[in-house]
Amino acid sequence: MESSPINRLPPDSLHQIFSSLPLRDIMICRSVCKFFNQLLTSQCFIEIISTRPPLNLLALRPPHHHHGHRHSGNGHAANIRPYIHVYDPEQNQWFRFNLDFLPFRSPQPVASSSGLIYLWGDSIDLAESSKSLVACNPLTRQFKVLPQLGSAWSRHGTVLVDSVNRVMVLTELAALYYSGTVVANQWLKFSSNLPSKPRSPVLMSSSVFALCDVGSPWRSQWKLFSCKLTNLTITHTNWVCLEKHEWGDIFDIIKRPRLLRGNGDSKLLMIGGLKSTFSLNPACSTILILRLDLESLEWEEAGRMPLEMYRGFQESSKFKVFGGGDRVYFSAKRMGKLAMWDCWEGWRWIDGVPGYADGLCRGFVFDAKLTIMP
């Protein structure tokens, strides 16, 4: 590359040339040589393309047995480079981003928003394990450590992030909230008044949404609860049950429902098995995707898994649902592949899922962007 004519062009001209490429091609060019990598990771170039639409990817959370290291033959732990597996639905390709720029052991990615991935990481400077919540951009290899939390939050809390990177860590008993602009860069803590452990909570449209089981030990009865961020007080979170007479028995027809963020900030998805009867422990006929318009509070059916695809999930005692927006992903034990629902293109299988021996994996939407850390 040293003798290439492209080296004779000034950086400004090269920035303009490369800025006309799609983000996928820019990422490929960065791996061509050291010169391209330096050119395309410079702050000047990143500022030029910071408004480019993101790549809509799926990031997989590492398996529970994955700890960022392996054992060598003598019994000692041998460090390996941490990374995160990512799927590009537009190209139908799997690849991975290295996380070796993070000064943490065993990074565990849990959520993402606006080009940033949020993960728990063990400090490498302390003898005892002390997990920190970290925001990072794998494309720019930048990161920011959020204010310190106790270890119990990483074990029991669910990390939620909205489109403007406000962060909440939610448990059944309490919630932590962080916006980066309040109370001298500290977490705000609130007690919770939810009737049971929140299932698949979602932070969007300046509100938190969660499903709670208000039934008996013998029969589940799911309800949808919400809490506006503006209603947070220093004593408790003001959760309210969202109900309408027109909804009828919509929660009774869904078995083991989950919530996901819908497209935009006004759509909420609820996914679960479609009960075949109203008996105590009914079988399901398929998997149903319902969509709630948060402005009109009206439900509609968004998708229904084809019967031939559902047969694979019928034989599994457990499956996972993740994703959001225009795409929802499904995994189950011993399947070795994912099912995907696309709002525009329907249903299809995704093969080649990496790193999961039993096939049961979890993940989240990662809108990859070349942006500077806030």
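Keep in mind it's a predicted model, so treat the numbers as computed, not measured.

1. Overview of the pairing of strand 23 (residues 327-332)
Burial analysis of strand 23 places six of its six residues in the buried class, the great majority of the element. Burial of the side chains of strand 23 extends over both faces: Arg327, Tyr329 and Ser331 are buried on one face and Val328, Phe330 and Ala332 on the other. Relative to strand 23, strand 22 (residues 319-324) runs antiparallel, the two being bridged by six bridges. Note on strand 23: the bridge partner recorded for phenylalanine 322 is tyrosine 329. Where strand 23 meets strand 24 (residues 338-342), four bridges bridge the pair, whose relative direction is antiparallel. Bridge assignment links phenylalanine 330 to a residue of strand 24, and that residue is alanine 339. In textbook terms, the turn of a hairpin is the stretch between consecutive antiparallel strands, and for strand 23 and strand 24 this stretch comprises five residues, one of which, arginine 334, has a positive phi near 60°.

2. Remarks on empty space enclosed by the protein
A probe as big as a water molecule, rolled over the atoms, marks out the empty space that is left. Tallied over the full model, the rule gives one cavity of 30 Å³ or more. If you add up the space inside the largest cavity, you get close to 40 Å³. Taken together, Leu23, Ile49, Ser50, Arg52, Pro53, Pro54, Ala368, Lys369, Leu370 and Thr371 make up the lining of the largest cavity. When its residues are assigned to classes, the lining of the largest cavity shows six nonpolar, two polar and two charged.

3. A closer look at the pairing of strand 7 (residues 116-123)
Counting buried positions over the eight residues of strand 7 gives eight, a clear majority of the element. Both strand 6 (residues 104-113) and strand 7 contribute to a ladder of seven bridges, which runs antiparallel. Looking across to strand 7, one finds that serine 112 is bridged to isoleucine 117. Linking strand 6 to strand 7, which pair antiparallel, is a turn of two residues; within it serine 114 sits at a positive phi near 50°. Sheet topology note: the strand 7/strand 8 (residues 131-137) ladder contains six bridges and is antiparallel. Across the sheet, the residue bridging to aspartate 122 is lysine 131, located in strand 8.

4. Some words on helix 6 (residues 307-314)
Within the span of helix 6, buried status applies to Met309, Tyr310 and Phe313. Relative to the axis of helix 6, the buried residues are bounded by an arc of 95° and lie together on one face. Residues of helix 6 that are buried sit in contact with strand 20 (284-293), strand 22, strand 23, strand 24 and strand 25 (346-350).

5. Structural notes on the layout of surface pockets
For the second largest pocket, the calculated volume is near 580 Å³. Lining the second largest pocket we find 20 residues, and of these Met27, Ile28, Phe95, Arg96 and Phe97 sit closest to its centre. Those elements giving two or more residues to the lining of the second largest pocket turn out to be helix 2 (23-30), strand 1 (55-60) and strand 5 (93-98). For the lining of the second largest pocket, a count of residues per class yields nine nonpolar, five polar and six charged.

6. A closer look at the side chain of serine 331
Following the sequence through the fold, serine 331 ends up in strand 23. Judged by its relative accessible area of 0%, serine 331 falls in the buried class. A distance of 2.7 Å separates the side chain of serine 331 from the backbone oxygen of cysteine 361, its partner in a polar contact.

7. Focus on the side chain of histidine 85
Here histidine 85 lies in strand 4 (residues 83-88). Filtering out sequence-adjacent residues up to four positions away, histidine 85 remains in contact with Leu58, Ala59, Leu60, Phe95, Arg96 and Pro354.

8. So, a positive patch on the surface
A contiguous patch of positive charge, built from Arg256, Lys318, Lys333 and Arg334, is present on the exposed surface. With respect to the element layout, arginine 334 can be found in the loop between strand 23 and strand 24. Judged by relative accessible area, arginine 334 falls into the exposed class, the value being 64%.

9. Quick word on helix 1 (residues 11-19)
Given 3.6 residues per helical turn, the α-helix brings residues three or four places apart onto the same face. Taken together, the buried positions of helix 1 are Leu14, His15, Phe18 and Ser19. One side of helix 1 carries all its buried residues, which in axial view fall inside an arc of 130°. Seen from the open side of helix 1, the exposed residues pointing more than 90 degrees away from its buried face are Asp12 and Gln16.

10. Quick look at the packing of aromatic side chains
One pass over the structure, following the stated rule, counts 15 aromatic pairs. Between the aromatic rings of tyrosine 87 and tryptophan 94, the centroid separation amounts to 4.9 Å while the plane-to-plane angle is 45°, which identifies the pairing as tilted. Taking relative accessible area as the criterion, tyrosine 87 reaches 0% and is therefore assigned buried. Assessed through its relative accessible area of 21%, tryptophan 94 is described here as partly exposed. With 5.4 Å between their ring centres and 90° between their planes, phenylalanine 95 and phenylalanine 97 make a pair best called edge-to-face. Residue class for phenylalanine 95 comes out partly exposed when judged on its relative accessible area of 30%.

11. Details of the sheet that holds strand 20
Working definition: the strands of a sheet are paired by backbone hydrogen bonds and lie parallel or antiparallel to each other. The sheet built from four strands is open, its strands ordered 18-19-20-21 with antiparallel pairing. Each having just a single partner strand, strand 18 (254-261) and strand 21 (298-304) make up the two edges of the open sheet. With strand direction ignored, the average angle separating the axes of adjacent strands in the sheet is 25°. Taken together, the nine bridges between strand 19 (residues 267-275) and strand 20 define a ladder with antiparallel strand orientation. Across the sheet, the residue bridging to glycine 273 is isoleucine 287, located in strand 20.

What counts, and where the lines are drawn
Residues numbered from 1 in each chain as written. Predicted model: local features only at pLDDT ≥ 70, side-chain atom pairs only at ≥ 80, totals over all residues. Heavy atoms only, no water. Buried < 20%, exposed > 50% of the residue type's maximum accessible area, 1.4 Å probe, protein only. Helix = DSSP H or I, 4+ residues; strand = E, 2+ residues; numbered from the N terminus. Pairing = 2+ DSSP bridges. 1 Å grid on protein atoms, 1.4 Å probe; cavity = no way out; pocket = protein on both sides within 12 Å on 5 of 7 lines; lining within 4 Å. Points joined across faces, edges and corners; volume = space filled by probe spheres on them. Nonpolar A, V, L, I, M, F, W, Y, C, P; charged D, E, K, R; others polar. Arc of directions from axis to C-beta. Contact = heavy atoms within 4.5 Å. Polar contact = N/O pair within 3.5 Å; in protein donor to acceptor, adjacent residues only side chain to side chain. Patch = residues over 30% accessible without salt bridge, like charges linked within 9 Å, V, L, I, M, F, W, Y side chains within 5 Å. Areas by Shrake-Rupley, 256 points an atom, 1.4 Å probe, with all protein chains shown as cover. Salt bridge = Lys/Arg side-chain N within 4 Å of Asp/Glu carboxyl O. Lys, Arg positive; Asp, Glu negative; His and termini not counted. Charge placed at Lys NZ, Arg CZ, Asp CG, Glu CD. Phe/Tyr/Trp six-rings, centres within 6.5 Å; stacked < 30°, edge-to-face > 60°. Axes fitted to C-alpha atoms, helices over the stretch in contact; angles between N-to-C directions.

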